[in-house]
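# Breakdown of the fold
Okay, here's what each chain looks like letter by letter:
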Amino acid sequence: MSILLLWAAEKRLRVSRLPPGPTRWPIVGNLMQIGILPHKDMAHFCSSYGPLVYLRLGTVDAITTYDPAVVREILVRQDDLFASRPKLVSGFQLSYGGRGIAFAPMGPQWKRLRRTCVEHLLTARRFESFAGNRALEALHLMRDVREKACKGEIIEVSQVLGAFTMNNVTRMLLGRRYLGTDPAEAAELLSLTDQLSCLQGSFYPGDYLPLWRWLVDFFVGTEKKIREISRSLDGFLQRIIDEHRQAIEAKNQTDGGRGENSDFVDVLLSLQMDVREIKAIMLDIFEGGTDTSAVAIEWAMAEAIKNPKVLERAREELDRVVGPDRMVRESDLGDLNYLRCIVRETFRMHPPVPLLVPHESTQATELMGYDIPAKTRVFINAHALGRNKRVWGDDADEFQPERHLPAADGEKVEVLRKGELEILPFGAGKRRCPGVTGGMTLVLLALANLFHGFDWEALEEIDMEEAFGLVLRKAKPLRAMARPRLAPALFQ
Ligand code: HEM
């Protein structure tokens, strides 16, 4: 009896030391208080209850924050404890049972695959070796926009940017561009990656009510969709791997295999890895590298077109640094301070992954004086962090690249500062995005070229509403008219 009483008292004490949060309903907890824009709801909870909020989502303990001091505690001081991932239905099934990097729990397998990725694929040397491809894709992007502009067509910005980022990623990963070559293959790839990002990004109730999963699935059918898409994706990835194996064999016969490994799939095959791990890494890179960069560029363009003075200032800088007689080169990007401020401001206000990828604690711990149970899901609200008025002041909701200009002339603007947590587009700590250099270069390169090459005009008032997913898109895709500013010969 006394043991039971002690247990009940201890439990009450433990529960009372949870961070504050909204009142919970039976069974569903706070699940019904999360709407179609979860990052906004979570920011609202933080404004009402404090910088660290506890939520009970179905049967899952969860915390959320938009405060840099709490973020530091989670992603820096207690990074070891908070660097795991929850087992989400879509993340697990679409990564060959948690075999990739992005959705894998903390453990030896994640460590090995992340090391493979960082040491063999996303190295500075390999990234440099793709610089020629990036320049070619930038030229394709410019030609594509010019062709449409000359015909007087409206530019569907997300479409041209989607092709630019996808082709850059497939050139690195698979050794060739897909969009703009074989239309059937391109359509298949786009449809598969769209469905994948839709499933990975949704707030699926089955992840929070495991006992009721069958019922949830009966009504929404998500898991059937996941099984179908994973079958189609597997067929697509297997075809690519088979093509690569055949090409490697043919090469071995002609030059004894002495040739350089050219793309990521070649490298992964040369490491003799489990084929499911190779496929899971391929999916991580497709997902990690394409939509994230494309939405960042689209938000930056929407803000710049909406604020003509910003666009004007960016153009003045491009005219001064690059001039009207050539296209932008990657080597110019370091000299474009104002453009770098635009990208930094975009990452502040529109971080492409608004709640990062959810983290999970591996054991019980204390955080800011509160008790956090083991297996608590962590939502770092990068979106609200960048708009936190206590950090950024009363004009936090205004797009003002000037706020990042250095005090002294000649000082270079860093798009992201070392150790800073107030702007968090790529996360921090052990789970920080390993593709930062690639993502940032694609964003800067596309924006510099599009601002340098064209005058932009919106067709209607630009709507800045958001559509939530793993990646935060514009609810109404940006449509604009472009007028070439450079001589036709430069687009050849
Ligand atoms: C602007 C472009 C990009 C943005 C904004 C972005 C953002 C992110 C974010 C927020 C995370 C999760 C961090 C966390 O959980 O704390 C992440 C993880 C990841 N990203 Fe990126 N990313 C970008 C580009 C790329 C590129 C180009 C690649 C690869 C070529 C890539 C590969 C990955 C991978 C593999 C992970 C999983 C890391 C892990 O869980 O250990 N990303 N990214």
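About the thresholds
Residues numbered from 1 in each chain as written. Predicted model: local features only at pLDDT ≥ 70, side-chain atom pairs only at ≥ 80, totals over all residues. Heavy atoms only, no water. UniProt positions renumbered as here; feature names shortened; annotations may be inferred. Donors = N, O, S within 2.8 Å, 3.2 Å for Na, K, Ca; no water. Helix = DSSP H or I, 4+ residues; strand = E, 2+ residues; numbered from the N terminus. Phe/Tyr/Trp six-rings, centres within 6.5 Å; stacked < 30°, edge-to-face > 60°. Buried < 20%, exposed > 50% of the residue type's maximum accessible area, 1.4 Å probe, protein only. Lys NZ or Arg CZ within 6 Å of the ring centre and 35° of its normal. Pairing = 2+ DSSP bridges. Near = heavy atom within 4 Å. Polar contact = N/O pair within 3.5 Å; in protein donor to acceptor, adjacent residues only side chain to side chain. Nonpolar A, V, L, I, M, F, W, Y, C, P; charged D, E, K, R; others polar. Contact = heavy atoms within 4.5 Å. Axes fitted to C-alpha atoms, helices over the stretch in contact; angles between N-to-C directions. Lys, Arg positive; Asp, Glu negative; His and termini not counted. Salt bridge = Lys/Arg side-chain N within 4 Å of Asp/Glu carboxyl O. Core = buried A, V, L, I, M, F, W, Y, C linked by side-chain atoms within 4.5 Å. Patch = residues over 30% accessible without salt bridge, like charges linked within 9 Å, V, L, I, M, F, W, Y side chains within 5 Å. Areas by Shrake-Rupley, 256 points an atom, 1.4 Å probe, with all protein chains shown as cover. Parallel < 35°, antiparallel > 145°, perpendicular 65-115°, else oblique. Left-handed = near helix turned anticlockwise from the far one by under 90°.

Under an unreviewed UniProt entry, the name given to the protein is Cytochrome P450, and the organism recorded is Zingiber officinale. Quoted verbatim from the Cofactor (unreviewed entry) heading of the UniProt record, the comment on the protein is "heme".

## Here's the deal with the coordination of the iron atom of the ligand
In this structure the iron atom of the ligand is ligated by exactly one protein donor, Cys433 (SG), at 2.3 Å. Relative to the helices and strands, Cys433 is located in the loop between helix H19 (389–392) and helix H20 (436–453).

## Describing the packing of aromatic side chains
Following the criterion strictly, the structure yields seven aromatic pairs and no others. Measuring from centroid to centroid gives 5.4 Å for Phe203 and Tyr208, while their planes differ by 10°, and the two rings are stacked. With a relative accessible area of 4%, Tyr208 lands in the buried category. Following the ring pairs from residue to residue traces out a cluster consisting of Phe203, Tyr208 and Phe379. One Lys or Arg, Arg348, reaches over the ring of Trp392 and ends 5.4 Å from the middle of that ring.

## Observations concerning the sheet that holds strand S4 (residues 359–360)
Here we have four strands laid out as an open sheet, ordered S1-S2-S7-S4, and mixed in their pairing. Unpaired on one side and paired on the other, strand S1 (52–57) and S4 mark the two borders of the sheet. In terms of strand pairing, S4 meets strand S7 (residues 377–380) through two bridges, oriented antiparallel. Its bridge partner lying in S7, His359 is registered against Val378.

## Digging into the site of the ligand
Near the ligand there are 24 residues, and of these Arg85, Arg114, His359, Arg431 and Cys433 occur at the shortest range. Here an oxygen atom of the ligand sits 3.0 Å away from a polar atom, N or O, in the side chain of Trp110. Looking at the shell around the ligand, the elements with two or more residues in it are helix H6 (108–121), helix H14 (275–289) and helix H15 (291–306). No other element matches the three residues that H14 contributes to the shell around the ligand. In terms of residue class, the shell around the ligand is built from 13 nonpolar, eight polar and three charged.

## Topic: the sheet that holds strand S8 (residues 454–458)
On the basis of which strands lie adjacent, the open sheet formed by three strands has the order S3-S11-S8 and antiparallel pairing. The outermost strands of the open sheet, each flanked by one partner alone, are strand S3 (155–156) and S8. Running over the sheet, helix H8 (residues 131–150) touches S3, S8 and strand S11 (479–484) and is turned about 95° from S11.

## Observations regarding the UniProt feature "binding site: heme" (unreviewed entry) in the protein
Sequence positions flagged by UniProt for "binding site: heme" (unreviewed entry) are, in local numbering, Cys433. Residue class for Cys433 comes out partly exposed when judged on its relative accessible area of 29%. If we skip the residues at most four places from it in the chain, Cys433 touches Arg114 and Phe426.

## Description of the pairing of S1
For S1, the tally of buried residues reaches five of six residues, placing the bulk of the element in the interior. The pairing of S1 with strand S2 (residues 60–65) spans six bridges and is antiparallel. Each residue of the ladder has a partner; that of Tyr54, found in S2, is Ile63. The turn joining S1 and S2, which pair antiparallel and follow one another in sequence, is formed by two residues; a positive phi near 65° is taken by Gly58.

## A few points about the side chain of Asp266
For Asp266, the position within the fold is in helix H13 (residues 264–270). With no salt bridge to any partner, buried Asp266 finds its closest opposite charge in Lys251, at an N-O distance of 6.0 Å. Only 2.9 Å separates the side chain of Asp266 from the side chain of Ser262, close enough to count as a polar contact.

## As for the packing of helix H16 (residues 308–321) against helix H17 (residues 337–349)
One way to put it is that H16 packs onto H17 with a least axis distance of 8 Å and a crossing angle of 145°. The residues of H17 that touch H16, namely those facing Val310, Arg313, Ala314 and Glu317, are Asn337, Tyr338, Leu339 and Ile342. Residues belonging to the contact of H16 with H17 are distributed by class as follows: five nonpolar, one polar and two charged.

## Focus: the nonpolar core
The tendency in soluble globular proteins is for nonpolar side chains to be buried as a group. Counting 59 residues, the largest nonpolar core has Val145, Met301, Phe347, Leu447, Leu450, Phe451 and Trp456 as its most contacted members. For this core, the secondary-structure elements that each account for two or more residues are H8, helix H9 (157–174), H15, H16, H17, H20, S8 and S11. Residue contributions to this core peak at 11 residues, all from H20. Setting aside residues no more than four positions away along its own chain, Val145 makes contact with Ile155, Val160, Leu450, Phe454, Trp456 and Ala482. Formed by 42 residues, the second largest nonpolar core is a distinct cluster that contains Phe130, Met273, Ile285 and Phe286.

## Considerations on the side chain of Glu223
Mapped onto the elements, Glu223 comes out in helix H12 (residues 222–255). You can call Glu223 buried: its relative accessible area is 6%.

## A word on the pattern of salt bridges
As enumerated under the stated definition, the model contains 35 salt bridges in all. Salt-bridge contacts for Arg77 lead to Glu73; the nearest nitrogen and oxygen are separated by 3.1 Å. Highlighted residues: Arg77 and Glu73, both in helix H3 (residues 68–77), separated by four residues, approximately one helical turn. The exposure class assigned to Glu73 is buried, which follows from its relative accessible area of 16%.

## Regarding a nonpolar patch on the surface
Together, Ile27, Leu211 and Trp212 make up an exposed nonpolar region whose accessible area comes to about 380 Å². Within the element layout of this structure, Ile27 appears in the loop between helix H1 (2–16) and helix H2 (38–49). With relative accessibility at 59%, the residue Ile27 sits in the exposed group.

## Section: the packing of H9 against H14
Where H9 meets H14, the axes come as close as 9 Å, and the angle between the chain directions of the two elements is 155°. When the axis of H9 is compared with that of H14, the two are roughly antiparallel. Between H9 and H14 the crossing geometry is right-handed. For the pair formed by H9 and H14, the contact residues are Thr165, Met166, Val169, Thr170, Leu173 and Leu174 on the first element and Met282, Ile285, Phe286 and Gly289 on the second. In the contact of H9 with H14, the residues fall into seven nonpolar, three polar and no charged.

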